Amino acid sequence: MNEEEQLTEDNFFETDELYKIAALVNETISSVVYHYWVNKSHGQRFEVLDWITLNFNSGNHMWLTAGEESDGIKLLEADIPALKNKLESEFKGVVTLESKDVSGHKIWKPVLGKPITPSLIQVGDKALNDTLVLKFEGADSIEISLGIEGLEVEFFEEDI
């Protein structure tokens, strides 16, 4: 974040979101689904990772999204079929929402079934909502962050 950027309330997780993140402690992931906003206009295909669904062995799940105005990662319940229908109706198939199970991907496969310890970037007594790190026992940590155009997922590089 540039020093010129001013931190506002929109830059931080809400209290209820922090409780949801804290509840991840010792949860174990059973599957991960990415939901891409896809624009197929002008004969090209442009994808943005808009939603991530984390499904847990406990039966719980968590949805993460980039926020309506890319104002940080949001933890919101999502009705993916309703979102798909809304886009189909509004954009007549040019803009769609496509879902893909990525549990077998190299970033997620090694962490399935391993206990989670979430980590956030703190500024004073608040937690920034542009990054969420999931640490796993015996596996690489995963960073979910807000990119220029949606969510980004990558291995977390810890400073040594």
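Everything quoted here is computed from the prediction, not taken from an experiment.

Enquirer: Run through helix α2 (residues 80-91), naming residues and quoting values.
Expert: When the terminal C-alpha atoms of α2 are compared, their 16 Å separation across 12 residues agrees well with the 16 Å that a helix rising 1.5 Å per residue should span. Lys92 lies just past α2 and shows a positive phi near 50°.

Enquirer: Describe the pairing of strand β9 (residues 131-136), listing the residues and the values that go with them.
Expert: In the case of a regular strand, side chains alternate between the two sheet surfaces. Of all 6 residues that make up β9, 5 are buried, and the element is covered over most of its length. In this structure, strand β6 (residues 116-119) lies alongside β9, joined through 4 bridges in antiparallel fashion. Within the sheet, the bridge partner assigned to Ile116 lies in β9 and is Phe136. Here β9 folds back onto strand β10 (residues 139-147), and the loop between the two strands holds 2 residues, one of which, Gly138, carries a positive phi near 75°.

Enquirer: Give me the side chain of Glu17: which residues, what numbers.
Expert: Here Glu17 is to be found in helix α1 (residues 15-22). Although Glu17 is buried, it makes no salt bridge; Lys74 carries the closest opposite charge, 5.3 Å away. Each residue touching Glu17, except ones within four places of it in the same chain, is listed here: Ile73, Lys74 and Leu75.

Enquirer: Can you break down the sheet that holds β10 residue by residue, with the values?
Expert: Where strands meet in a sheet, backbone hydrogen bonds hold them as pairs that are either parallel or antiparallel. Spatial strand order, β6-β9-β10-β11: 4 strands in an open sheet with antiparallel pairing. Of all strands in the sheet, those with a lone pairing partner are β6 and β11 (150-155), marking the two edges. Strand after strand, the sheet turns through a mean of 20° between neighbouring axes, direction not considered.

Enquirer: Residues and numbers for the nonpolar core, please.
Expert: Core analysis: the biggest nonpolar cluster contains 27 residues, and Ile52, Leu54, Leu64, Trp108, Leu134 and Ile144 have the highest contact counts within it. Mapped by element, the contributors of at least two residues to this core are β1 (29-39), β2 (46-56), β3 (61-65), β9 and β10. At 4 residues, the largest contribution of residues to this core is made by β2. Not counting chain neighbours up to four residues away, the residues in contact with Trp108 comprise Ile29, Val32, Tyr34, Leu54, Val102, Ser103, Leu134, Ile142, Ile144 and Val153.

Enquirer: Talk me through a negative patch on the surface; I want residue IDs and the actual numbers.
Expert: Residues Asp140, Glu152, Glu154, Glu157 and Glu158 make up a contiguous surface patch of negative charge. Examined against the element boundaries, Glu152 turns out to sit in strand β11. Judged by relative accessible area, which is 38%, Glu152 ranks as partly exposed.

Enquirer: Hey, could you go over the packing of aromatic side chains for me, with residue numbers and the actual values?
Expert: By the definition in use, this model includes 1 aromatic pair. With centroids separated by 6.1 Å and ring planes inclined at 75°, the aromatic side chains of Tyr34 and Tyr36 adopt a geometry described as edge-to-face. Seen from the ring of Phe12, Lys126 lies directly overhead, with NZ or CZ sitting 5.5 Å from the centre.

Cut-offs used in this document
- Residues numbered from 1 in each chain as written.
- Predicted model: local features only at pLDDT ≥ 70, side-chain atom pairs only at ≥ 80, totals over all residues.
- Heavy atoms only, no water.
- Helix = DSSP H or I, 4+ residues; strand = E, 2+ residues; numbered from the N terminus.
- Expected span 1.5 Å × (residues − 1).
- Buried < 20%, exposed > 50% of the residue type's maximum accessible area, 1.4 Å probe, protein only.
- Pairing = 2+ DSSP bridges.
- Lys, Arg positive; Asp, Glu negative; His and termini not counted.
- Salt bridge = Lys/Arg side-chain N within 4 Å of Asp/Glu carboxyl O.
- Contact = heavy atoms within 4.5 Å.
- Axes fitted to C-alpha atoms, helices over the stretch in contact; angles between N-to-C directions.
- Core = buried A, V, L, I, M, F, W, Y, C linked by side-chain atoms within 4.5 Å.
- Patch = residues over 30% accessible without salt bridge, like charges linked within 9 Å, V, L, I, M, F, W, Y side chains within 5 Å.
- Areas by Shrake-Rupley, 256 points an atom, 1.4 Å probe, with all protein chains shown as cover.
- Charge placed at Lys NZ, Arg CZ, Asp CG, Glu CD.
- Phe/Tyr/Trp six-rings, centres within 6.5 Å; stacked < 30°, edge-to-face > 60°.
- Lys NZ or Arg CZ within 6 Å of the ring centre and 35° of its normal.

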